[in-house]
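Close look at the chain arrangement
The lines below spell out each chain.
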Amino acid sequence: MSVQEEPTRDELATGVGPWEGPWPEDPRYDPELLAHGDRRNVVDRYRYWSREAIVEDLDRRRHSFHIAIENWQHDFNIGSVVRTANAFLAAEVHIVGRRRWNRRGAMVTDRYQHVRHHVDLAAMAEWARQRELPVIGVDNLPGAVPLETFDLPRACVLLFGQEGPGLSDAAREHVDVCLSIAQFGSTRSINAGAAAAIAMHAWIRQHATP
Ligand SMILES: C[S@@+](CC[C@H](N)C(=O)[O-])C[C@H]1O[C@@H](n2cnc3c(N)ncnc32)[C@H](O)[C@@H]1O
């Protein structure tokens, strides 16, 4: 905090300072954060809460859609997909392919989001089959069904491809249906992070109560 009496707009935007007044008894509060302030990228209701308490609270009300994304070339979109999955409270994010992924775009939201790794599409599809979750590909492939008019299942896995190749051949083999997002301009596709945000929001519009 600056020497000014009132915090600046920037300071307000990046969190809160040390707790003022008697400390709360609630065990969800983290003593370190109470003492030093909380500058994390979390909504106000979670200010000063420990990470474990936040995850526990989110777990109680997670949605039943999962997000899966192929990761054969360290796609830079994955961080942004994780951040959006956190915002829309996806059950889990599944990284298919390489274990390592580019975390930059996640803005640390992966701390509060369950992220699971699968070595390949067959492993991810088997995981989904055991839980009776349909795997819904999202790509503008020939024969794809328009997302705009599709009734998304409440529980499902939404699978996205990578920049460049899009959904791999193996991914195409494992999807129950493939959905396309309508486009009207000249580009062949939008980026995978944007496509994932649109598809997640389509699920939210059909199933979530704000
Ligand atoms: C940049 S796209 C590449 C593939 C694309 N099939 C092409 O023809 O260029 C990367 C990923 O973003 C998603 N995506 C991009 N545009 C989309 C659209 N219009 N409809 C559905 N998914 C899309 C898909 O998951 C796709 O695998």
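Calculation notes
Residues numbered from 1 in each chain as written. Predicted model: local features only at pLDDT ≥ 70, side-chain atom pairs only at ≥ 80, totals over all residues. Heavy atoms only, no water. Helix = DSSP H or I, 4+ residues; strand = E, 2+ residues; numbered from the N terminus. Buried < 20%, exposed > 50% of the residue type's maximum accessible area, 1.4 Å probe, protein only. Areas by Shrake-Rupley, 256 points an atom, 1.4 Å probe, with all protein chains shown as cover. Lys, Arg positive; Asp, Glu negative; His and termini not counted. Charge placed at Lys NZ, Arg CZ, Asp CG, Glu CD. Domains from an automatic or database assignment. Contact = heavy atoms within 4.5 Å. Buried area = accessible area lost by both parts, 1.4 Å probe. Salt bridge = Lys/Arg side-chain N within 4 Å of Asp/Glu carboxyl O. Nonpolar A, V, L, I, M, F, W, Y, C, P; charged D, E, K, R; others polar. 1 Å grid on protein atoms, 1.4 Å probe; cavity = no way out; pocket = protein on both sides within 12 Å on 5 of 7 lines; lining within 4 Å. Points joined across faces, edges and corners; volume = space filled by probe spheres on them.

When its secondary structure is counted, the protein shows seven helices and seven strands. Ordered by position in the sequence, the α and β elements of the protein form the string α-α-α-β-α-β-β-α-β-β-β-α-β-α. Projected onto its principal axes, the C-alpha positions of the protein cover 60 × 40 × 35 Å. With 210 residues in all, the protein has 44% of them scored as buried. For the protein, the exposed area adds up to about 12,200 Å²; of that, 51% sits on carbon and sulfur atoms. When the 24 basic and 29 acidic side-chain charges of the protein are each reduced to a single mean position, those positions are 2 Å apart.

It is common to give the size of an interface as the accessible area that goes away when the parts come together. Split by domain assignment, the protein resolves into domain 1 (9-59) and domain 2 (62-207). The interface of domain 1 with domain 2 comprises eight residues on the first partner and seven residues on the second. Together domain 1 and domain 2 conceal approximately 750 Å² of surface at their shared face, both sides included; 53% is due to carbon and sulfur atoms. Area buried by domain 1 at its contact with domain 2 is led by Asn41, Arg51 and Leu58, which between them contribute 60% of it. Summed over the shared surface of domain 1 and domain 2, the result is one salt bridge. Salt-bridge contacts for arginine 62 lead to aspartate 59; the nearest nitrogen and oxygen are separated by 2.7 Å. Broken down by class, the residue content of the side of domain 1 that touches domain 2 amounts to four nonpolar, one polar and three charged.

Moving on, we come to the layout of surface pockets. As a volume, the largest pocket reaches approximately 440 Å³. Together, 21 residues line the largest pocket, and Asp139, Asn140, Gly166, Ser189 and Ile190 are the ones closest to its centre. Residues that form the lining of the largest pocket fall into these classes: eight nonpolar, nine polar and four charged. By volume, the second largest pocket is sized at about 340 Å³. Along its surface, the second largest pocket is lined by 14 residues, and Val43, Tyr46, Leu58, Asn86 and Ala87 are the ones closest to its centre. Listing elements by their share of the lining of the second largest pocket, those giving two or more residues are α3 (51-59) and α4 (78-87). Per element, the largest residue contribution to the lining of the second largest pocket is three residues, and it comes from α4. Both domain 1 (9-59) and domain 2 (62-207) contribute no fewer than three residues apiece to the lining of the second largest pocket.

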